[in-house]
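Per-entry structural report
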Amino acid sequence: MLAIRNVTVADGTGTVTTLLIENGTIVANGKDAAIPAEAGVIAGEGLYVLPGFIDAHTHMGGSSAFDHPPAGSRHETYGYIEAREGFLNWGVTAVRSCGDRSEDMLAFRADVRAGKERSPRLVCCGPFFQAENGHPWATVYMKSELLLKDAAIFVDQRVPVERRVAAVAGMGVDFIKVFYAHLNKMDYPNPVSRLTKEQLKRVVDSAHRSGLKCAVHVDGPAEMMDAAEAGADFIEHMIGAGGTDTEFTDEMVQKVKDSGAVVDPTMISILRFDNTPGFPSVWEALKKAVKQFYDAGIPLAVGCDSGIPFVPFGESLHDEMACLNEAGIPAADILKMVSRTNARVLGLEDQLGSLEVGKKADIVLLGSDPVKDIHNTRDIRLVLLDGHVAVDRMG
Ligand SMILES: [Zn+2]
């Protein structure tokens, strides 16, 4: 048994508690919790406790630099070591992989779940659906054969998409991912092929028939409307870097709200490319849109698109939280989004996302109060993953 004694809950209420942890689970949480004599004790006095951070949008095998093999295999990318160590070092104890080489990810996920790998918890989508000659296969992946073999599936006339989605579901993936995107990220401002709205709807419907939720990548407001109408469960991104479609009317915001979709703005992935050659700035429009969605009560996830160039694993989640704060969302709410909302996005809300008794002991201790200043999420002193110390900077 492990005890974290007299620690302040990082929710702005000032509550001090003692947490007891056994077999990877929180078994007590309260200021009067009695610490058994045999328990190992962590002195939490002066520290702040919160659930392990969750990144709702990553690419574990993605290229973190253009000189890495794009969508390289698990072994080519060093067993994902950069990803998993980056995450754990920054307190990220669960992630959602939104497109990687499927064979590798599913093998890696099996190893993680069997406790054979030191890694954050992981859910993944398997091969993603996209338009032939569309993003990302024909753009950032420059028509890579490797990607087509194992990570991308074209929605085309050759095989009914229903059959293809059912086959992916049969691989045991956690959700379905589809790209509904027009921006050509390698050749601005010329657009690339995109799925039709009807094709998009068929992918989403097929996912639902297979009992899976569907995440839809969009590049802007018009595409988001189509995704909401198609029944997307998760909408990835809001306004693409360099996009010219940037305005959400009140009616559009209401439509997304009524759809029930969770929106994942991935602000940091836009900021890193914003206002660079070929990418006119969308930053002010994006901040405005995020605030509109927040004010409307639309559930927002905290995802980074980590793994793409300039968006490193782990640290970017803290940048993303700072971006959301800059858009006008209070720190206390961002901390709920990165735990509770993200746990729901991963489909793990029964196990993760809070410090309630019965939840998995994925826990972060901070040296300073993140509700006072969101940048304090970076002041990480201890990370527990499944009740075990993954990072110790208690000094
Ligand atoms: Zn992505």
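Residues numbered from 1 in each chain as written. Predicted model: local features only at pLDDT ≥ 70, side-chain atom pairs only at ≥ 80, totals over all residues. Heavy atoms only, no water.

Some points on the overall build of the protein
- Helices and strands together make up the secondary structure of the protein, namely 11 helices and 17 strands.
- Against the 2.2 N^0.38 benchmark of 21 Å for 395 residues, the protein shows a C-alpha radius of gyration of 21 Å, consistent with a compact globule.
- Principal-axis analysis of the C-alpha atoms places the extent of the protein at approximately 65 × 45 × 40 Å.
- Within the span of the protein, comprising 395 residues, buried residues form 60% of the whole. (Helix = DSSP H or I, 4+ residues; strand = E, 2+ residues; numbered from the N terminus. Rg over C-alpha atoms; globule rule 2.2 N^0.38 Å. Buried < 20%, exposed > 50% of the residue type's maximum accessible area, 1.4 Å probe, protein only.)

A closer look at the packing of helix 4 (residues 161-169) against helix 5 (residues 197-209)
- Two elements in contact, helix 4 and helix 5, have axes separated by 9 Å at closest approach and are oriented at 45°. On the basis of their axis angle, the class for helix 4 and helix 5 is oblique. You can see that helix 4 and helix 5 cross each other, and the crossing is right-handed. Here V161, E162 and V165 of helix 4 come into contact with helix 5, specifically with R202, V203, S206, A207 and R209. (Axes fitted to C-alpha atoms, helices over the stretch in contact; angles between N-to-C directions. Parallel < 35°, antiparallel > 145°, perpendicular 65-115°, else oblique. Left-handed = near helix turned anticlockwise from the far one by under 90°. Contact = heavy atoms within 4.5 Å.)

Section: the coordination of the zinc ion
- The protein atoms that coordinate the zinc ion are H57 (NE2), H59 (NE2) and D305 (OD), at distances of 2.1 Å.
- Here the donor residues of the zinc ion share one chain and are spaced in sequence as H-x1-H-x245-D. Residue H59 is found in the loop between strand 6 (53-58) and helix 1 (81-89), and its partner D305 is found in the loop between helix 9 (283-296) and helix 10 (315-326); the two are separated by 246 residues along the sequence.
- Judged by its relative accessible area of 9%, D305 is buried. (Donors = N, O, S within 2.8 Å, 3.2 Å for Na, K, Ca; no water.)

Details of the environment of T18
- Mapped onto the secondary structure, T18 falls in strand 2 (residues 16-22).
- Each C-alpha atom, one on T18 and one on A33, is 6.0 Å from the other, the two residues being 15 residues apart in sequence.
- The residues touching T18, leaving out its near neighbours within four places in the chain, are I4, R5, N6, A28, N29, G30, K31, A33 and I35.
- A polar contact is formed between the side chain of T18 and the backbone nitrogen of N6, at a distance of 3.2 Å. (Polar contact = N/O pair within 3.5 Å; in protein donor to acceptor, adjacent residues only side chain to side chain.)

What about the pairing of strand 9 (residues 128-131)?
- Burial along strand 9 is two-sided: F128 and Q130 facing one way and F129 and A131 facing the other are all buried.
- Looking at chain direction, strand 9 and strand 10 (residues 152-155) are connected through 4 bridges and run parallel. Its bridge partner lying in strand 10, Q130 is registered against F154. (Pairing = 2+ DSSP bridges.)

A few points about the sheet that holds strand 8 (residues 121-124)
- Spatially, 6-7-8 is the arrangement adopted by the 3 strands of the open sheet, whose pairing is parallel. Two strands close off the open sheet at either side, each with one partner strand: strand 6 and strand 8. Taken over all neighbouring pairs, the strand axes of this sheet differ in orientation by 15° on average, direction set aside.
- As paired strands, strand 7 (residues 92-97) and strand 8 are joined by 4 bridges and run parallel to one another. Residue pairing in the sheet places R96 in a bridge with V123 of strand 8.
- Against the sheet, helix 2 (residues 102-113) makes contact with strand 7 and strand 8, and its axis sits at roughly 150° relative to strand 8, the strand it touches most.
- Running over the sheet, helix 11 (residues 331-345) touches strand 6 and strand 7 and is turned about 45° from strand 6.

Some words on the domain arrangement of the protein
- Domain boundaries in the protein define domain 1 (2-51 + 354-392) and domain 2 (53-345).
- Relative placement of domain 1 and domain 2: their C-alpha centres are 30 Å apart.
- Listed as interface residues are 21 residues of domain 1 and, on the opposing side, 21 residues of domain 2.
- A combined buried area of about 1800 Å² lies between domain 1 and domain 2, and 64% of that area is made up of carbon and sulfur atoms.
- The largest share of the area that domain 1 buries against domain 2 comes from I374, R378 and L385, three residues that together contribute 34% of it.
- Applying the counting rule to domain 1 against domain 2 returns 4 salt bridges.
- Across the pair D362 and R121 runs a salt bridge, and its minimum N-O distance is 2.6 Å.
- Along the contact surface separating domain 1 from domain 2 lie 7 residue pairs in polar contact (both at pLDDT 80 or more).
- Every element with two or more residues in the side of domain 1 that touches domain 2 is listed here: strand 5 (48-51), strand 16 (380-385) and strand 17 (388-392).
- Considering only residue class, the side of domain 1 that touches domain 2 consists of 13 nonpolar, 3 polar and 5 charged. (Domains from an automatic or database assignment. Buried area = accessible area lost by both parts, 1.4 Å probe. Salt bridge = Lys/Arg side-chain N within 4 Å of Asp/Glu carboxyl O. Nonpolar A, V, L, I, M, F, W, Y, C, P; charged D, E, K, R; others polar.)

Focus on the pattern of salt bridges
- All chains considered together, the criterion is met by 33 salt bridges.
- D226 serves as the salt-bridge partner of K197, at 3.6 Å between the closest nitrogen and oxygen. Linking K197 in helix 5 with D226 in helix 6 (residues 221-230), this pair joins segments that are 29 residues apart in sequence.
- Exposure remark for D226: the relative accessible area of 15% places this residue in the buried category.
- Notably, a salt bridge pairs K201 with D205, separated by 3.1 Å at the nearest N-O pair. Taken together, the residues span about one helical turn, with K201 and D205 both in helix 5 at a distance of 4 residues.
- Classification of K201 as partly exposed rests on a relative accessible area of 36%.

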